[in-house]
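Spelled out, the chains give:
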Amino acid sequence: MKVVHTIQELRDQLRGQLQVAFVPTMGNLHSAHLSLMKMARQHGDPVVASIFVNPLQFGPNEDFDRYPRTLADDIEKLERERDVYVLFAPDVNEMYPEPQSFQIQPPNDLGGILEGEFRPGFFTGVSTVVLKLFSCVQPRVAVFGKKDYQQLMVVRNMCRQFQLPVEILAHETVRDEDGLALSSRNRYLSADERAEAATLYATLQQMRQRVLQGDYTPQQLEHDASKALGDRGWDVDYFVLRRQRDLLEPTIDEIRAGEPLVILAAAKLGETRLIDNLEV
Ligand code: PAF
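Overview of the structure. Predicted, not measured: the structure shown is a model, and the values here were computed from it.

Parameters at a glance
- Residues numbered from 1 in each chain as written.
- Predicted model: local features only at pLDDT ≥ 70, side-chain atom pairs only at ≥ 80, totals over all residues.
- Heavy atoms only, no water.
- Core = buried A, V, L, I, M, F, W, Y, C linked by side-chain atoms within 4.5 Å.
- Buried < 20%, exposed > 50% of the residue type's maximum accessible area, 1.4 Å probe, protein only.
- Helix = DSSP H or I, 4+ residues; strand = E, 2+ residues; numbered from the N terminus.
- Contact = heavy atoms within 4.5 Å.
- Near = heavy atom within 4 Å.
- Polar contact = N/O pair within 3.5 Å; in protein donor to acceptor, adjacent residues only side chain to side chain.
- Areas by Shrake-Rupley, 256 points an atom, 1.4 Å probe, with all protein chains shown as cover.
- Pairing = 2+ DSSP bridges.
- Axes fitted to C-alpha atoms, helices over the stretch in contact; angles between N-to-C directions.
- Parallel < 35°, antiparallel > 145°, perpendicular 65-115°, else oblique.
- Left-handed = near helix turned anticlockwise from the far one by under 90°.
- Nonpolar A, V, L, I, M, F, W, Y, C, P; charged D, E, K, R; others polar.
- Arc of directions from axis to C-beta.

**Focus on the nonpolar core**
Line of reasoning, step 1. One finds Leu10, Phe134, Ile168 and Leu247 to be the most contacted residues of the largest nonpolar core, which totals 43 residues.
Line of reasoning, step 2. Every element with two or more residues in this core is listed here: helix H1 (7-14), strand S4 (86-88), helix H7 (122-137), strand S5 (141-145), helix H8 (149-161), strand S7 (235-243) and strand S8 (261-269).
Line of reasoning, step 3. Broken down by element, the residue count for this core peaks at 9 residues, all from H7.
Line of reasoning, step 4. In this view, isoleucine 168 contacts Phe134, Ala142, Phe144, Leu152, Val155, Arg156 and Cys159; residues no more than four positions away in its chain are not counted.
Line of reasoning, step 5. Among the nonpolar cores identified, the runner-up in size contains 22 residues, and Leu221, Ile263, Ala267 and Leu278 belong to it.

**Considerations on the site of the ligand**
Line of reasoning, step 1. Taken together, the residues surrounding the ligand are Pro24, Thr25, Met26, Gln57, Val126, Val129, Phe144 and Gln151.
Line of reasoning, step 2. Within the side chain of glutamine 57, an N or O atom sits 2.6 Å from an oxygen atom of the ligand.
Line of reasoning, step 3. In the environment of the ligand, an oxygen atom lies 2.8 Å from a nitrogen or oxygen atom belonging to the side chain of glutamine 151.
Line of reasoning, step 4. Taken by itself the ligand offers 290 Å² of open surface, and the protein chains cover 87% of this.

**Some thoughts on the pairing of S8**
Line of reasoning, step 1. Extensive coverage of S8 is indicated by the burial of 8 of its 9 residues.
Line of reasoning, step 2. Pairing of S7 with S8 involves 8 bridges; the strand directions are antiparallel. The partner of leucine 241 across the bridge, within S8, is isoleucine 263.
Line of reasoning, step 3. With 8 bridges joining them, S8 and strand S9 (residues 272-279) adopt antiparallel strand pairing. Paired with valine 262 across the two strands is glutamate 279, which belongs to S9.
Line of reasoning, step 4. Two successive antiparallel strands, S8 and S9, enclose a turn made up of 2 residues, where glycine 270 displays a positive phi of approximately 60°.

**As for the packing of helix H2 (residues 31-43) against helix H3 (residues 71-81)**
Line of reasoning, step 1. Close contact between H2 and H3 brings their axes to 11 Å; oriented N to C, the two are set at 40°. As summarised for this structure, H2 and H3 are arranged oblique, according to the angle between their axes. Judged by the sense of rotation from one axis to the other, the crossing of H2 with H3 is right-handed. Contacts from Leu34, Met37 and Lys38 in H2 reach Lys77, Leu78 and Glu81 in H3.
Line of reasoning, step 2. Looking at the contact of H2 with H3 residue by residue, the classes come out as 3 nonpolar, no polar and 3 charged.

**What to know about H3**
Since one α-helical turn is 3.6 residues long, residues separated by three or four positions face the same way.
Line of reasoning, step 1. When H3 is considered as a whole, its buried residues turn out to be Asp74, Ile75 and Leu78. Taken down its axis, H3 places every buried residue within 100° of arc, on the same side. More than 90 degrees from the buried face of H3, the exposed residues found are Ala72 and Arg80.
Line of reasoning, step 2. Elements that come into contact with the buried residues of H3 comprise strand S1 (2-4), H2, strand S3 (47-51) and S4.
Line of reasoning, step 3. Once H3 ends, the next one or two residues include arginine 82, with phi positive near 60°.

Okay, here's the thing in structure tokens:
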């Protein structure tokens, strides 16, 4: 695997390659990331991964400074798996040589709700860096995890609206044995919090069962799920039932008619904010 830190080196490595499959990450790689790389390998050649902790997508009170940076370990893991041909690991000056005054602002009805409401500027930061990374790597396909469901939709919409020649592939959420979705932020959890963290997925599954019964309004379902977590000490940002196609609230008739739905949740356990979702 070639490890490159500048855009020029990256372009030199990829000259003439038209079938690049790309996996953008912020590093601290775990098995979910490695599984995205495997999927990329099935859909393109060569596979390029990036590791870049993007300051533009962190709010002033978020964890940019303490976000785990483990480049040497990450390189070792990628070398072992042998799926990635080029790892692009730029520093902040390489990606942002000057203040990023042109930014991609996703529409409010997609980028301003849920994560966008609780993390203002997050999707502007994500869209902008993903567009920049696409411009550097020029992939034919790119793989994103479904754990960041709204992010996946924002990126898909951005590609469609800007006619980017990149196909966005979605990888199923990878979970630990107890159901907790793998995330670099899980490492912030204490041992007790880690044991409790599995309740998030369990609550998503319970809500899914109740959605399938078709007897409840979204408001009832959301209230009950938020209360169940709140009673166990979680601080819930949102726990909502939405339509897969646009993340808007379904009517009870749509629920009964089998509209494809997704339950999305974000909640804090102690200082750690976790997100997860489950399709219905
Ligand atoms: O999901 C992530 O790791 C990041 O949001 C991404 C897509 C790499 C952009 O920084």
